[in-house]
Structures are given as C-alpha cells and as structure tokens.
Amino acid sequence: MLKKIILIQLALLFLCLTNCNSKPAALKAVYKKDFLIGNVINHVYMSGGHFDLLKKHFNTVTCENEMKPENLAPLSKSGEYKWQMADSMVNKMKENGIQVHGHTLIWHSQTRTWMTSGSPQEAKENMINHINTVLDHFRGKVVSWDVVNEAMADGITDPSDWKSCLRAESGWYKTLGPDYVELAFRTARQADPEIILYYNDYGLNDCNKAAAVRNMVKDINDRYKAEGNNRSLIDGIGMQGHYGLWLNVNDVRASLEMFKETGVEISITELDIESRLTNSREWGVNRNTVMPQEQAQQQAKLYAQLFRLFREYKDTIARVTFWGMDDKNSWKSIGNPCLFDGELNPKPAFFAVSNPDEY
Ligand code: XIL
C-alpha cells in the first residue's frame, strides 16, 4: 500500500514538473527577488488575451495616456476634471492585485495650453492646483508618480549647470523658468507625503543627458535635506528605455552607475527595443510586420543583455516596466519592439527576458 502511494506521488510530481517546464514562466516570478515587472496599459489591454498576459506576467502597470494632463485636466480652466477612463483602469488593477504607477503630472507634451499660459503667478497656481487635484484623487491607489517628465533638452554637451540643460521650449519653462521642476516636486511632496516621486526622461543612455539629470537630482535633494528634511525630495529616477538595435548596453551601465551615486532608486519605466539600427521618431500602432529571424534573435540578445545588467543593479532598480505588450499595439509598432507579436505569441525576446543567462 505504502509503495503504491509513493509511486502515485512520484508520478504526480513528474507530471507537475514536465507540465511546468512546457509553460513559459511568469516574468513577475522570474524577477520576484530582483524588481517589479510592469507593462503599460490602455483600453486594448483591459480584456481578452492582453489582460490574461497582463495578469500572468506583470505586477505593476502605468497608464499609457489616461493620466496625462490632456486626458485628466479640462479643456479650459473653468471646466471639470475627467476621471472615468483612469478610474476604471485603476479599479480593475486593484481588483487584480496589480500596483499602479502614475504617469505623468508635469510635462511639456500632452498637456493643456491654459495650464502653462498667463502670468508666472497664474501658471504657478495652475501647477499647484493640478498636482493637488490629481494626487488627492488617486490617494492610496497610486504608489508612485512621474512628477516631472522629459524636462531635459536633447543634445546636451555641457551638463555641469543642469538648469541650462532644460528644454527651453517647454510651456512650463517659458512661463516659470528653471525653478518649475523643484516647485513641482515640492508641491507633490506636500500633497501626498506617502507616494514615491520620480523624475522621468528618455535618452538617459546618453552620458551628458544622464549627467545633467544626476546633477539636478543631487542639487535639489541636497538643498532639500539642508533645510532639515530627513528624506530626499526626488525619490527616484526613471530611465524610459526606448531603445533600438543601435543600443550599446555599456552606456546604460554607465548611467546606472552615475544615478546610483545620488542614492535614489532607479526604475526602467518605458522599455522597448525597436528592431531598427537608427533611432527613429516614426511611431503609431498597427504598423507591425513579421520579423526576420535574424532581427528577432538580435533583439532577443539585446533584451537578455539588458536584463543581465538590470539584475546586477537589482539593489538599486525598483521596477522594470515595458512600454507595450505586443508589436501591433505598441506606439512604435513599425519597429516590432515588444516581447509578444501581433497575435500575442511570445517572441524570442520573451524567452530571452524569461531566461537572460541562456542568451
Ligand atoms: C506615448 C504613448 O505611448 C502614445 O500612445 C502617445 O500617442 C504619445 O505618448 N515618453 C513618455 C510616454 O513619457 O508618455 C510616451 O507615450 C512615450 C515617450
């Protein structure tokens, strides 16, 4: 009898092991001890195969557009805020135990012109009102926020004076000057002391842009602490990570090293790797193609290299979020940048991220 039970138990164990091996592992389980694994969400991702993949692989999300100022704030100053789209997503994530990162409060793009117009006093009030309104609304539901997005200019050559590196065409910069960045963070800290405040930007694999961000974070945080505060004002740096096959992973390493010096946490916030050799600004959904094997392999290798690097920095990296589930619905669909193809089949890139040491 005992023999029989042991045999049955062994058979069950064998079945379980072979079954487990044939199914791709959940990414959030693979990186459980390292960092959170996230993806972007939009209305397409809220049901069907997309939602199944989301639930299976990811433990944190960022709304692709729904929390940006142009989607929350009214068309004119006297109008009403619109919460419905973002709320339904946030509620669904809560029901499914998925954490939400907020994107984004203060940005030059996808914002309302009235917010940054008028006198400096008016723009300042608009900023303070917007941040207070949004953080108040999502209190307890959103754990961290990109407070300021993409404030640095492109093509920085001398990062020593970070204020001179700011994007001068930003409406916020035009009306309030370089101090708008710190004002945004101070306002957010006061509005909700519980949440983690991020500065988020793209192209941080460029050493000059990265140095400008490092200098800004250090300067703002040092002054904040000198006032007697026992914490940083900027809690985290978000490296967006919109890459392509052109990427040199050593540049990412150099920036991670640089950001580590500031003592704040780092997140990779919008990761995608276009299968193109040039850094293109062409974007839009539904332009995906069938990827040639060679490209798919190159892309997979690069994803694997990056994840091996991220693992080396797991003590500093809090979260790695992809900017798209599948090639068809990606904002850069033409470059087939995701882990899943347009039919939601896992690509070599997926297997590379699942097991980066094998690539
Ligand atoms: C993109 C979205 O993916 C698109 O749907 C939208 O049309 C434009 O914005 N940096 C950011 C993100 O911080 O908000 C951007 O998202 C991609 C670049």
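Residues numbered from 1 in each chain as written. Predicted model: local features only at pLDDT ≥ 70, side-chain atom pairs only at ≥ 80, totals over all residues. Heavy atoms only, no water.

Taken as a whole and assessed by the stated rule, the structure comprises 14 aromatic pairs. A ring pair is formed by Tyr31 and Phe35, whose centres lie 5.3 Å apart and whose planes are at 15°; its orientation type is stacked. As far as burial versus exposure is concerned, Tyr31 and Phe35 are alike and both buried. On the numbers, 5.3 Å between centres and 70° between planes, the contact of Phe307 with Phe310 is edge-to-face. Separated by three residues within a single helix, Phe307 and Phe310 lie in helix α12 (residues 293-312), roughly one turn from each other. The rings of Tyr31, Phe35, Phe58, Tyr303, Phe307, Phe310 and Phe322 are connected pair by pair, giving a single aromatic cluster. A cation over a ring is seen here: Lys209 above Tyr202, with NZ or CZ 3.6 Å from the ring centre. Positioned over the ring face of Tyr198 is Arg319, at 5.6 Å from the centre of the ring. (Phe/Tyr/Trp six-rings, centres within 6.5 Å; stacked < 30°, edge-to-face > 60°. Buried < 20%, exposed > 50% of the residue type's maximum accessible area, 1.4 Å probe, protein only. Helix = DSSP H or I, 4+ residues; strand = E, 2+ residues; numbered from the N terminus. Lys NZ or Arg CZ within 6 Å of the ring centre and 35° of its normal.)

The topology assignment puts Ile334 in the loop between β9 (317-322) and α13 (348-354). Distance from Ile334 to Val217, taken between C-alpha atoms, is 35 Å for residues 117 residues apart in sequence. Ignoring anything within four residues of it in the chain, the contact list for Ile334 reads Glu274, Arg276, Glu282, Gly284 and Arg287. (Contact = heavy atoms within 4.5 Å.)

Here helix α10 (residues 207-226) is 20 residues long and its end C-alpha atoms lie 28 Å apart, about the 28 Å a rise of 1.5 Å per residue gives. Looking only at α10, the buried set comprises Lys209, Ala210, Ala211, Ala212, Val213, Arg214, Asn215, Met216, Val217, Ile220, Asn221 and Tyr224. Looking at the buried side of α10, the elements it contacts are α9 (180-191), β5 (196-201), β6 (236-239) and α11 (249-260). For α10, the side-chain oxygen to backbone nitrogen distance between the N-cap and Asn208 is 2.8 Å, and the N-cap itself is Asp206. One or two steps after α10, the chain reaches Gly228, where phi turns positive at roughly 100°. (Expected span 1.5 Å × (residues − 1). Polar contact = N/O pair within 3.5 Å; in protein donor to acceptor, adjacent residues only side chain to side chain.)

Turning our eyes to something else, we now look at the environment of Asn96. Along the chain, Asn96 turns up in the loop between α5 (84-95) and β3 (99-106). Not counting residues within four places of it along the chain, the set of residues in contact with Asn96 comprises Phe51 and Lys55.

Packing of α11 against α12 leaves a shortest axis separation of 10 Å and a crossing angle of 20°. Here α12 runs roughly parallel to α11, going by the angle between their axes. Crossing of α11 against α12: the hand is right-handed. On α12, the residues touching Val249, Val252, Arg253 and Leu256 of α11 are Leu302, Gln305, Leu306, Leu309, Phe310 and Glu312. Grouping the amino acids of the contact of α11 with α12 by side-chain chemistry returns seven nonpolar, one polar and two charged. (Axes fitted to C-alpha atoms, helices over the stretch in contact; angles between N-to-C directions. Parallel < 35°, antiparallel > 145°, perpendicular 65-115°, else oblique. Left-handed = near helix turned anticlockwise from the far one by under 90°. Nonpolar A, V, L, I, M, F, W, Y, C, P; charged D, E, K, R; others polar.)

Here the chain shows a mean pLDDT of 94. Residues at 70 or above account for 94%. Here residues 14-21 is modelled with pLDDT under 50, and outside its nearest four sequence neighbours on either side it reaches zero contacts, counting other chains as well. (pLDDT = per-residue confidence, 0-100.)

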